Every structure is written in C-alpha cells, then in structure tokens.
Amino acid sequence: MAKVSVLNVVVLENPSPFHSPFRFEISFECNEALADDLEWKIIYVGSAESEEFDQILDSVLVGPIPAGRHMFVFQADAPNPSLIPESDAIGVTVVLITCTYHGQEFIREGYYANNDYPDPELRENPPPKPDFSQLQWNILASNP
C-alpha cells in the first residue's frame, strides 16, 4: 500500500485568462508519518513534440508530514509565452502535478488544458501570431 495517496485535486478559478496563475487545491493522505519533505511540482507542457518546451511553473516542499489527511493550495505563475512554440499556443496541452519523495517520483497527474480565445470573433479569425493577452486556459478537471 502506498504511503501517500492523492484524495482529490480541485482546479480553482477555472477557466482563467492565460496570464493568471494556476491554483490547485490538493488533498492527500499519509498512511504513516514522513520525516522528510514531499516535493510537489506544477509543469506546463509547452509542446507535445518535445520535452524541451516543458516549463516547471513552481515547486514546493511540504513536510515533515504526520500521518492523516492533509490539504493545501498550490499556486504557480502562468507559463512564459515566449517559451511556447507559436504553433502550440492555441489548442489542447497538458498541465502536470507531480510529487517526489527522496528524489523518487511517485505521483504524476496530468490534466488536459485548452488554450483558446473566449471571444467568438477571435476564435473565428485568430490573429496571425497568438495574442496571449486575449487567450484563456480551461482545464478539464473531471478526468485527470
């Protein structure tokens, strides 16, 4: 049996403008006390073609952790648009939440995120270059 289990992840303020931070409420359970930190990360997948465009948006150390149920809100700044290929800026991508203990990753939950223009006119006639100030992200949180 796993020492740590994710019970629930709630995406807060979804959808949001592209430049808004990602906020996740993470509930997890420890079956036994952990003396050392868990390292949680939020990763934005900038392109399905290559990991070189992945951006670690933030990482946080949580611990030591007593046995029981725990919850925290993990917030990370939006990805840097200049590191996202223009061809991958609009459409579906992935946001990952990972957790490691002693350098060993044991949780990796991925969420589909759709970047699109909320304005129907911009959706029908998008600018030649993505306008990140007009984009919003929407995370499909029901099926990680």
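Numbering of residues starts from 1 in each chain and follows the order in which that chain's sequence is written. Totals for whole chains, interfaces and linings use all residues, but because this is a predicted model, local features are given only for residues with pLDDT of at least 70 and pairs of side-chain atoms are given and counted only at 80 or more. Think of the side-chain values as coming from all heavy atoms in the structure, minus any hydrogens and water.

Trainee: Hey, could you go over the overall build of the protein chain for me, with residue numbers and the actual values?
Mentor: Runs of H or I in DSSP of at least four residues are treated as helices and runs of E of at least two as strands, each being numbered from the N terminus. The helix and strand inventory of the protein chain stands at one helix and nine strands. Counted from the first residue to the last, the protein chain has its helices and strands arranged as β-β-β-β-β-β-β-β-α-β. Each of the three principal axes of the protein chain carries a C-alpha extent, and together these read 55 × 25 × 20 Å. Classification of the 144 residues of the protein chain by burial places 38% in the buried group. By sequence separation, contacts in the protein chain at least 24 residues apart represent 63% of the contacts at least 6 residues apart. Just so you have it, the protein chain exposes about 8,000 Å², and 48% of that area is on carbon and sulfur atoms. Here's how the labels work: a residue is buried when its accessible area is under 20% of the maximum for its type, exposed when over 50%, partly exposed in between, all with a 1.4 Å probe on protein chains only. Whether two residues are in contact is decided by their heavy atoms: any pair within 4.5 Å suffices. For the area figures, the Shrake-Rupley method with a 1.4 Å probe applies, and any residue is considered shielded solely by the protein chains shown.

Trainee: Residues and numbers for the nonpolar core, please.
Mentor: Side-chain atoms within 4.5 Å link the members of a nonpolar core, which is a set of buried Ala, Val, Leu, Ile, Met, Phe, Trp, Tyr and Cys residues. Membership of the largest hydrophobic core comes to 34 residues, with the highest contact counts inside it found for Phe 22, Phe 24, Ile 26, Phe 28, Leu 38, Trp 40 and Ile 139. With five residues, strand 3 (residues 22-30) is the largest single contributor of residues to this core.

Trainee: So what's going on with the environment of Glu 52? Residues and values would help.
Mentor: Tracing the chain through its elements places Glu 52 in the loop between strand 4 (38-45) and strand 5 (55-62). Separated by 55 residues in the primary sequence, Glu 52 and Ile 107 have C-alpha atoms spaced 21 Å apart.

Trainee: Tell me about unusual backbone geometry, and name the residues and values.
Mentor: Cis rather than trans, the peptide bond between Asn 14 and Pro 15 has omega equal to 0 degrees. When you line up the elements, Pro 15 lands in the loop between strand 1 (4-12) and strand 2 (16-17). Cis peptide bonds are those with omega within 30 degrees of zero, and the linkage from Gly 63 to Pro 64 qualifies with -10 degrees. Here the phi dihedral of Glu 13 falls at roughly 55 degrees; this positive angle occurs in a residue that is not glycine. Of note, Glu 13 is situated in the loop between strand 1 and strand 2. Even without glycine at this site, His 102 takes up a positive phi of about 55 degrees.

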